[in-house]
Amino acid sequence: MAKNAATASAAVTPSLSRGTWWKWLGFVTAVWVQCVSGNNYTFSNYSDALKSLMGLTQLQLNNLSVAKDVGKAFGLLAGLASDRLPMPAILLIGSLEGLIGYGAQWLVVRRAIAPLPYWQMCVFLCMGGNSSTWMNTAVLVTCIRNFRRNRGPVSGILKGYVGLSTAIFTDISAALFPDNPAAFLLLLAIAPAAICAAAMLFLRDFPPADGDSGRDEEEEEEGRCFAAINTIAVVIAVYLLAFDLAPGVVRGGGVAAISAFVAVLFLLLAAPASVPVYVAVKARIARNSKLDLEERSEPLLHAEEKEEEVEKEKEEVVAVAGDEAVVLAAAAAAAAAAAAEAEAEGKRRGPRIGDEHTIAEALSTTDFWVLFISFLCGVGTGLTVMNNMGQIGAAMGYADVSVFISLISIWGFFGRIGSGTLSEYFLKKNAIPRPLWNAASQILMAVGYVVMALALPGSLYIGSVVVGVCYGFRLAITVPAASELFGLKYYGLIYNILILNLPLGSFLFSGLLAGLLYDAEATKTAGGGNTCVGAHCYRLVFFVMAFACLVGFGLDVLLTVRTKKVYLRIHMNKNSKRSAAAAAAAAAGDRTVKS
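The protein chain has the name Protein NUCLEAR FUSION DEFECTIVE 4 in an unreviewed UniProt entry, where Ananas comosus is given as its organism. As stated in UniProt under Subcellular location (unreviewed entry), the record for the protein chain gives "Membrane".

Participant: Would you explain the overall build of the protein chain in this entry?
Facilitator: Helix and strand content of the protein chain: 23 helices and two strands. Residue burial in the protein chain is summarised as follows: out of 595 residues, 51% are buried. Taking as baseline every contact in the protein chain between residues at least 6 positions apart, the subset at least 24 positions apart corresponds to 86%. Roughly 25,200 Å² of accessible area belongs to the protein chain as shown, and the carbon and sulfur atoms make up 69% of that amount.

Participant: Honestly, the side chain of S374 in this entry has me stumped. Any pointers?
Facilitator: You can see S374 is positioned in helix α16 (residues 366–395). Take S374: its relative accessible area is 0%, and that puts it in the buried class. Among all residues touching S374, those that are not within four sequence positions of it are Q442, R474, G552, L555 and D556.

Participant: Explanation requested: helix α2 (residues 20–36) in the structure shown.
Facilitator: Note on helix geometry: an α-helix contains 3.6 residues per turn, so any two residues three or four positions apart are oriented the same way. A rise of 1.5 Å per residue sets the reference length of α2, with its 17 residues, at 24 Å; its end C-alpha atoms lie 25 Å apart and thus fit the reference within 8%. Burial analysis of α2 places 14 of its 17 residues in the buried class, which makes it a mostly covered element.

Participant: Any chance you could explain empty space enclosed by the protein here in plain terms?
Facilitator: Empty space among the atoms can be located by rolling a probe the size of a water molecule over them. Applying the stated criterion across every chain, the model contains five cavities of 30 Å³ or more. Considering only enclosed or pocket space, the largest cavity measures out at about 120 Å³ in volume. Around the largest cavity sit 14 residues that line it, and Y41, T166, M386, I408 and S409 are the ones nearest its centre. Listed by contribution, the elements that provide at least two residues to the lining of the largest cavity are α8 (151–176), α16, α17 (402–430) and α19 (459–486). It is α17 that provides the largest number of residues to the lining of the largest cavity, a total of five residues.

Participant: I'm lost on α17 in this one. Help?
Facilitator: The first and last C-alpha atoms of α17 sit 41 Å apart over 29 residues, in line with the 42 Å expected at 1.5 Å per residue. Burial runs high along α17: 21 of the 29 residues are buried. In the stretch just after α17, A431 is the one whose phi turns positive, near 60°.

Participant: It is not clear to me how the pattern of salt bridges should be interpreted in this structure. Could you clarify?
Facilitator: Close approach of charged atoms allows side chains of opposite charge to pair. Under the definition given, this model contains nine salt bridges. Among the salt bridges present, the one from K23 reaches E222, with a minimum N-O distance of 3.6 Å. On the criterion of sequence distance, the pair formed by K23 in helix α2 and E222 in helix α10 (residues 215–245) is long-range, its members being 199 residues apart. Note that K68 and D69 form a salt bridge whose closest N and O atoms lie 2.7 Å from each other. Look at K68 and you get buried, because its relative accessible area is 1%. Put simply, E221, R224 and K282 are held in one network by salt bridges that share partners.

Participant: Is there a simple way to think about the nonpolar core in this case?
Facilitator: The tendency in soluble globular proteins is for nonpolar side chains to be buried side by side. The biggest cluster of nonpolar side chains holds 122 residues, and the ones touching the most others in it are F27, Y161 and Y449. Broken down by element, this core gets its largest block of residues, 12 residues, from α16. Apart from the residues lying within four places of it in its own chain, the contact partners of Y161 are V31, Q34, C35, I229, I232, A233, I236, P272 and F413. Counting 23 residues, the second-largest nonpolar core is a separate cluster that includes L56, Y102, M121 and L188.

Participant: Is there a simple way to think about the environment of F375 in this case?
Facilitator: Locating F375 in the fold gives a position in helix α16. The class for F375 is buried, based on a relative accessible area of 2%. Linking F375 and G552, residues 177 residues apart in sequence, is a C-alpha distance of 7.3 Å. With near-sequence residues (within four places) excluded, F375 lies in contact with G380, R474, L475, T478, L498, I499 and N501.

Participant: Looking at this structure, how should I read the state of the cysteines?
Facilitator: Each disulfide consists of a covalent bond between the sulfur atoms of two cysteine residues. Enumeration over the complete set of coordinates arrives at one disulfide. Here C532 engages in a disulfide with C537; their sulfurs sit 1.9 Å apart. One disulfide, between C532 and C537, carries an S-S torsion of -90° and so falls in the left-handed class. Grouping residues by exposure puts C532 and C537 together as buried.

Definitions and cut-offs
Residues numbered from 1 in each chain as written. Predicted model: local features only at pLDDT ≥ 70, side-chain atom pairs only at ≥ 80, totals over all residues. Heavy atoms only, no water. UniProt positions renumbered as here; feature names shortened; annotations may be inferred. Helix = DSSP H or I, 4+ residues; strand = E, 2+ residues; numbered from the N terminus. Buried < 20%, exposed > 50% of the residue type's maximum accessible area, 1.4 Å probe, protein only. Contact = heavy atoms within 4.5 Å. Areas by Shrake-Rupley, 256 points an atom, 1.4 Å probe, with all protein chains shown as cover. Expected span 1.5 Å × (residues − 1). 1 Å grid on protein atoms, 1.4 Å probe; cavity = no way out; pocket = protein on both sides within 12 Å on 5 of 7 lines; lining within 4 Å. Points joined across faces, edges and corners; volume = space filled by probe spheres on them. Salt bridge = Lys/Arg side-chain N within 4 Å of Asp/Glu carboxyl O. Core = buried A, V, L, I, M, F, W, Y, C linked by side-chain atoms within 4.5 Å. Disulfide = S-S within 2.5 Å.

Pasting the structure below:
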């Protein structure tokens, strides 16, 4: 009886005995890295300073933002390095690039040095943009490998905090040094380097444990921890949103109110650290309880009872072994036949969608390019709004556009974090393919662009919210979808190939479309720049982007149909493992009760 009780105690907490709190500590540091890796979306906060200081037209300014986004194209290097370099080295490269790229821009805007030639500014913006790809690659690849049974929530949380990053930078800057783009750029240069230095100590790969024992409980435990981090993130988002809607309350309260706002924000950002502490404490309690139970139970076992129990267990083992031998032999034969058939089929036709793909195999599939182009339609247009929000707000008569930048960031967070949880829930429950959620976000984003094109009162607020949510949905859904369709082995590189859509979309929709159409409507200003005021400045841009989103919607629907069987297989696999784990736990409980 004591032996069975001890075995049952060990089975209750199998996952807690593997030092998983280190894995969770790594995840929390990954969250903090994501909190500072959204610097690529903050261009509108200092773009006007660059435009006036360098005497640029809107086309020239937009091409600077394209140079920033071209840095994402060099994320392919981060993808290649993710399989060859340790994660601390990848974080170090990203932090140094950001320090140099944003540091040079800070020197120019602060006027510590003369304005650099245009091509040199493009290089430094490109470095700043590329820095985030190294940070994102390090945390996404590591965390999805560490929590491969919860890819949706992992992607949603990490991408969600990237969405909050812009609002965190913007609101801290607005509170501590309003209307000071130089100080804002200094914050972009220093904060990521400091956070990445801390993350280098804790972010590492943890290979999955062998066997299925305790997997179901481990997944439930992970779900509770993810829910806690999600809740903290929502509180942070609401807190930042309250500041954006009433910034005068904080600023009007003087230094004390501003200091209190920043201090509470830092406490909320530190709150996810409570999760690994909880996991460690729970593991310690579980181990102590197991030891106490064994110490109390062992002296009570008499020799006769022990002999009877041993004999009884031998009889059970012999009886079960005979049945299991037949079942295992049949299962092994079936598995061997299936493996042989799959291998022969694979040699003839290559890997199926949903299997592990090499880069060449993934690029040769229709599904990859459908995903790539639909991703372009969503993120390319969304990035155009973010890069041009300074000029969009000014054209519509708003002197301060920081509230719109923060709205896109905060609602982008809700889109990212909500998409991961919702898509995972409905995948497990109804086998709904993740690309269907992308289709829904595309059609809603098209509606948002039409609303902004109409330029009705409050339309920019509504459009900022809609674009933020849909952009966040699109980014967070595509991350786990790519790993599910093409595998995890080369995921780092596949992810960075998809991220090529950021510079490509920025060039097509922001650099060419928005830049050329704005300059066509603008009037010249002294110093060689130009300006445009009125709803007409961006109306045609919004309508063209709405049409692009409709194209993306059609492609996402097509991908949903093509991958339906893949997600049905994933759904059945998740449910079968959960049912098997539940049956094993019930059988173990019955044996313990009988003993």
